Amino acid sequence: MTELTDLTLAAARDLLDGREISAVELADAHLERIATVDEKVQAFITVMADQARTMAADADAAIAAGEAQPLTGIPVALKDILCTVDAPTTAASKLLEGFVSPYDATVVKRLRDARAVFVGKTNTDEFAMGSSTENSAFFTTKNPWGLDRVPGGSSGGSSAAVAAREAIVSLGSDTGGSIRQPAGFCGIVGMKPTYGRVSRYGLIAFASSLDQIGPFARTVEDAAMLLGTISGHDTNDATSSPRDVPDYRAALGEDLTGVKLGVVTEWTGQEGVEPGVQAACEAAYDTYAELGAELVPISLDYAKYALPTYYITAPAEASANLARFDGIKYGMSIDAGDVLESYLRTRGEGFGAEVKRRIMLGTYALSTGYYDAYYVKAQKVRTLIKRDFDTAFERVDAIVAPTSPTVAFSIGDRTDDPLAMYLADIFTIPANMAGLPGIAIPCGFSEDLPVSIQVLGPAFGEEITLKVAHAYERASGWHERRPEPVA
Ligand code: GLN
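Residues numbered from 1 in each chain as written. Predicted model: local features only at pLDDT ≥ 70, side-chain atom pairs only at ≥ 80, totals over all residues. Heavy atoms only, no water.

Caption draft 1: Summary view of the packing of aromatic side chains. On inspection of all chains with the given rule, the structure shows 18 aromatic pairs. In textbook terms, an aromatic cluster arises when at least three aromatic residues are bridged by ring pairs, as seen for Phe 99, Phe 127, Phe 325, Tyr 330 and Phe 351. Over the face of the ring belonging to Phe 409 we find Arg 414, whose NZ or CZ atom lies 4.2 Å from the ring centre. (Phe/Tyr/Trp six-rings, centres within 6.5 Å; stacked < 30°, edge-to-face > 60°. Lys NZ or Arg CZ within 6 Å of the ring centre and 35° of its normal.)

So this is what it looks like as structure tokens:
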């Protein structure tokens, strides 16, 4: 039999339901794998070994009682920005070191109710600000395909954990690319759902109008199963949609005859795209044509403004959201005698350099006299970006594009150059600005490192997005490769 840590969610589900394996065995295999490889990969901030064993025993009881759901007994890793009552939630910040939330995030609660098994909390860039996990206050996660490479970010721990077989699936958050980009760098599947599809309650907020929680998995089918469990309306998040949650797994098919796929004219030959990435993506478009899809050139005129408008909108919202970390209510608290001095010292010592940079950029963009020139203008451009997509989706069913312009870069390569770091998200940010779903899937290798394409869909078009991704995955088989450095 396949090793337990190589199982997909779908395969593990069948074995658990058929009582061929137990959830406790599955949890133990993953905890053992973490003990063996995480010294190298460093995906986890907190390993939840005791909790996992208890949850696995509960899952076995639920299965025995005939109450299994898709995620029952499945080892899941959680980005350490999702609140959990039974493990610390740090957002990879010194400011929140040791903080234990009094409540579970809604996605965490849904997984707990489904009797999933939490194996741990994963590393991220501090408060999800970054593209490499190098902004974590604790350590940098390593890419399982090349241990001198970044795993991407900000959800790099969650993507590395799934690529390294330390968890079957995991959750991350994507504000400007933080699920799709690390999934791409680690050669796995990562999906950002439509804004409003998944409740953000209990996700430590970075930029509230952009943040969205989503799944990492090694197959599109597994991502669909996890997405189904975490989606749906939540009265605790006013922006969550009341729409019904479709059966995402049932939407998967392999025939793309008649499906129209947009290829963004402005992104073909875009400066900064590595030739190996370009070649792998073009080969993927050819595969799509062979699968019966019609490739249609489309134009997204305003997408080139997505990155600059994001770096006004996201820091502006971050500066407001991070105001609550004042050393009084949570986490680190430096008592400097008077209140103002205590705030200043706690925030001065608690936040890292990138978080401070975002707070300063955001505060500036929101200040009197600049608000209209920056924030309001960015909101207007955001509307234009969204309209471009609306027009495109009148002609096509989904869009295919590179996930990132490069493969995983070397650790340390971009730490001194914030602009070079920000460019890693040039193809992912437009979907966040427009609130659209996007899924990254492996599409080949360049210099032995994974390349990824993303499929973008119309708002609440998760089904077609997943279907288009699944058809390519089945035809190409790239998802079957495993990272040798941690084999
Ligand atoms: N890399 C982007 C940033 O630094 C996006 C991060 C994210 O999606 N959380 O803001």
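What follows continues from the structure just given.
Caption draft 2: Geometry of the packing of helix H7 (residues 220-230) against helix H15 (residues 462-476). In the contact formed by H7 and H15, the axes pass within 9 Å of each other and the chain directions differ by 155°. Viewed along their axes, H7 and H15 adopt a mutual orientation that is roughly antiparallel. Between H7 and H15, the residues in contact are Val 220, Glu 221, Ala 224 and Leu 227 and Glu 462, Leu 466, Ala 469, His 470 and Glu 473, respectively. Taken together, the residues that form the contact of H7 with H15 break down as five nonpolar, one polar and three charged. (Axes fitted to C-alpha atoms, helices over the stretch in contact; angles between N-to-C directions. Helix = DSSP H or I, 4+ residues; strand = E, 2+ residues; numbered from the N terminus. Parallel < 35°, antiparallel > 145°, perpendicular 65-115°, else oblique. Contact = heavy atoms within 4.5 Å. Nonpolar A, V, L, I, M, F, W, Y, C, P; charged D, E, K, R; others polar.)

Caption draft 3: Layout of the pattern of salt bridges. For the coordinates displayed, the defined rule picks out 19 salt bridges. Between Asp 80 and Lys 121 there is a salt bridge, and its shortest N-O distance comes to 3.2 Å. Placement of the pair is Asp 80 in the loop between strand S2 (75-79) and helix H4 (106-113) and Lys 121 in strand S3 (residues 117-122), with a sequence separation of 41 residues. Accessibility classification places Asp 80 together with Lys 121 in one group, the buried group. For the salt bridge of Arg 112 with Asp 86, the shortest nitrogen-to-oxygen distance reads 2.8 Å. Pair noted here: Arg 112 is in helix H4 and Asp 86 is in the loop between S2 and H4, with a separation of 26 residues, a long-range link. Look at Asp 86 and you get partly exposed, because its relative accessible area is 25%. When salt bridges that share partners are traced, they join Asp 6, Arg 165 and Arg 482 into one network. (Salt bridge = Lys/Arg side-chain N within 4 Å of Asp/Glu carboxyl O. Buried < 20%, exposed > 50% of the residue type's maximum accessible area, 1.4 Å probe, protein only.)

Caption draft 4: Inspection of the sheet that holds strand S7 (residues 260-264) at higher detail. If you trace the eleven strands from one edge of the open sheet to the other, you get S1-S3-S2-S4-S6-S5-S10-S11-S9-S7-S8, paired in mixed fashion. Single-partner strands in this sheet number two, and they are strand S1 (44-47) and strand S8 (294-298). Direction aside, neighbouring strands of the sheet carry axes that sit 30° apart on average. Pairing analysis gives three bridges linking S1 to S3, with the strands arranged antiparallel. Its bridge partner lying in S3, Val 47 is registered against Gly 120. Across the sheet, H15 lies against strand S5 (189-192), S7, strand S9 (398-402), strand S10 (438-446) and strand S11 (449-456), angled at about 15° from S10, the strand it touches most. (Pairing = 2+ DSSP bridges.)

Caption draft 5: Representation of the site of the ligand. In the vicinity of the ligand there are 15 residues, among which Gly 176, Ser 178, Tyr 310, Arg 358 and Asp 425 approach most closely. Within the backbone of Gly 130, an N or O atom sits 2.9 Å from a nitrogen atom of the ligand. In the environment of the ligand, an oxygen atom lies 2.8 Å from a nitrogen or oxygen atom belonging to the backbone of Thr 175. Class assignment of the residues belonging to the shell around the ligand gives a composition of five nonpolar, seven polar and three charged. (Near = heavy atom within 4 Å. Polar contact = N/O pair within 3.5 Å; in protein donor to acceptor, adjacent residues only side chain to side chain.)

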